[in-house]
Amino acid sequence: MTSLLSGLGAGLALIVAIGAQNAFVLRQGLHREHVGLVVAICALSDVVLVAVGVVGLGRLVESVPWFVDAARWGGAAFLAGYAVLALRRAATASGESLEVEGDPRAESGGRLAVRTRPSTARVGLTALALTWLNPHVYLDTVVLLGSVAASHGDARGWFALGAMTGSVVWFAALGFGARHLGRWLREPRAWRLLDGAIGCVMLVLAAGLVLR
């Protein structure tokens, strides 16, 4: 259970960040266009990437025993550094905001604006590109989560399940809950609060790795 919760916390802490992928998911949710497709692509892609990281680095651990300690200390250092950056953003007066297109209603009179609905193929390819062509996804999802999972030994499968669950929950909430979250997530203060929470989670995970 501890490994499952650690994976859930790590997965959410890494994925809940301002970026093109989250902006795209939120935008599609606001316009209610191909939301299920976008959520499925982003969530399933993360599931595959987490599995690759855990399985690939798990085999490396079996052949290189000292890798566990290296991964543990390296992962703790990375998480601590990530936490410091997140807490620094949270403490900054001028917080960031997630810039997306707003509700598909015209500003005047609240009447529905006429928009051209993008094709399913176009939306799907965009979601795939924003996921698989982003170099940071390989560092965060494959390398970092894989390294942290390796430190959990035989329970790394539970850690991976937690991280996968975090991805699915986040993308589903962001896409299908966009009409309720959109206005809130545009506020810099909201992202400062998220950064503060992310920083705290990262510090707890880093401490857990050091004390293991």
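Please refer to the structure placed before this passage.
As the structure is a computational prediction, the values presented were derived from the model and not from experiment. The numbering scheme is per chain: residues are counted from 1 as the chain's sequence reads. In view of the model being predicted, local features appear only for residues whose pLDDT reaches at least 70, and side-chain atom pairs are presented and counted only at 80 or more, with totals across whole chains, interfaces and linings using the full set of residues. For side-chain calculations, the full set of non-hydrogen atoms in the structure is used, while hydrogens and water are omitted.

Asks: I would appreciate a short explanation of the overall build of the protein in the present structure.
Replies: In this description a helix means any DSSP run of H or I spanning at least four residues, a strand means any run of E spanning at least two, and both kinds are numbered starting from the N terminus. Assigned secondary structure in the protein consists of 9 helices and 0 strands. When the helices and strands of the protein are read in sequence order from the N terminus, they spell out α-α-α-α-α-α-α-α-α. Each residue is placed in one exposure class: buried if its accessible area under a 1.4 Å probe, protein chains only, is under 20% of its type's maximum, exposed if it is over 50%, and partly exposed if it falls in between. A burial count over the protein gives 45% of its 212 residues as buried. Contact criterion: two residues are considered in contact whenever any of their non-hydrogen atoms come within 4.5 Å of each other. Residue pairs at least 24 apart in sequence account for 85% of intrachain contacts in the protein once pairs closer than 6 positions are excluded.

Asks: Would you mind showing me how to read the nonpolar core here?
Replies: Generally speaking, soluble globular proteins have nonpolar side chains that are buried together. One finds Leu14, Val50, Leu79, Leu145, Val148, Phe159 and Met202 to be the most contacted residues of the largest nonpolar core, which totals 21 residues. Counting only elements with at least two residues in this core, the list comes to α1 (2-15), α3 (35-63), α4 (67-91), α6 (135-150), α7 (156-176) and α9 (188-211). In this structure Leu79 touches Leu144, Val148, Met202, Leu205, Ala206 and Leu209, once residues within four positions along its chain are discounted. By nonpolar core we mean a set of buried residues, namely Ala, Val, Leu, Ile, Met, Phe, Trp, Tyr and Cys, connected to one another through side-chain atoms within 4.5 Å. Judged by nonpolar contacts, the second largest core, of 18 residues, contains Val16, Phe24, Cys42 and Ala127.

Asks: Sorry, what's going on with the packing of α1 against α7 here?
Replies: Packed helices, taken two at a time, are described by the angle between their axes plus the distance between the axes. Axes here mean lines fitted to C-alpha atoms, for a helix over just the part in contact, with angles spanning 0 to 180 degrees between N-to-C directions. Look at α1 against α7: their axes get within 6 Å of each other, and the N-to-C directions meet at 40°. Taken as axis vectors, α1 and α7 run oblique relative to one another. Between α1 and α7 the crossing geometry is right-handed. Residues Ser3, Leu4, Ser6, Gly7, Leu8, Ala10, Gly11, Leu12 and Ile15 of α1 touch α7, and the partners they reach there are Trp158, Phe159, Leu161, Gly162, Ala163, Thr165, Gly166, Ser167, Trp170 and Phe171. Residues are grouped as follows: Ala, Val, Leu, Ile, Met, Phe, Trp, Tyr, Cys and Pro are nonpolar; Asp, Glu, Lys and Arg are charged; every other residue, Gly included, is polar. Of the residues that constitute the contact of α1 with α7, the class distribution is 11 nonpolar, 8 polar and no charged. The cut-offs work like this: below 35 degrees is roughly parallel, past 145 is roughly antiparallel, 65 to 115 is roughly perpendicular, and the gaps in between are oblique. Each crossing gets its hand from how the near helix is turned against the far one by less than a right angle, where anticlockwise is left-handed and clockwise is right-handed.

Asks: What am I meant to see in the environment of Val38 here?
Replies: Position of Val38 relative to the elements: it lies in helix α3. Separated by 10 residues in sequence, Val38 and Gln28 place their C-alpha atoms 7.8 Å apart. When near neighbours in sequence (up to four residues on either side) are disregarded, Val38 contacts Phe24, Val25, Gln28 and Val123.

Asks: For this particular structure, what's the right way to read the environment of Gly153?
Replies: Here Gly153 shows up in the loop between α6 and α7. Judged by its relative accessible area of 25%, Gly153 falls in the partly exposed class.

Asks: Hey, could you run me through the side chain of Gln28 in this one?
Replies: In this structure, Gln28 sits in helix α2 (residues 20-31). For Gln28, a relative accessible area of 1% corresponds to the buried category. With residues near it in sequence (within four places) discarded, Gln28 still touches Glu33, Val35, Val38 and Val123.

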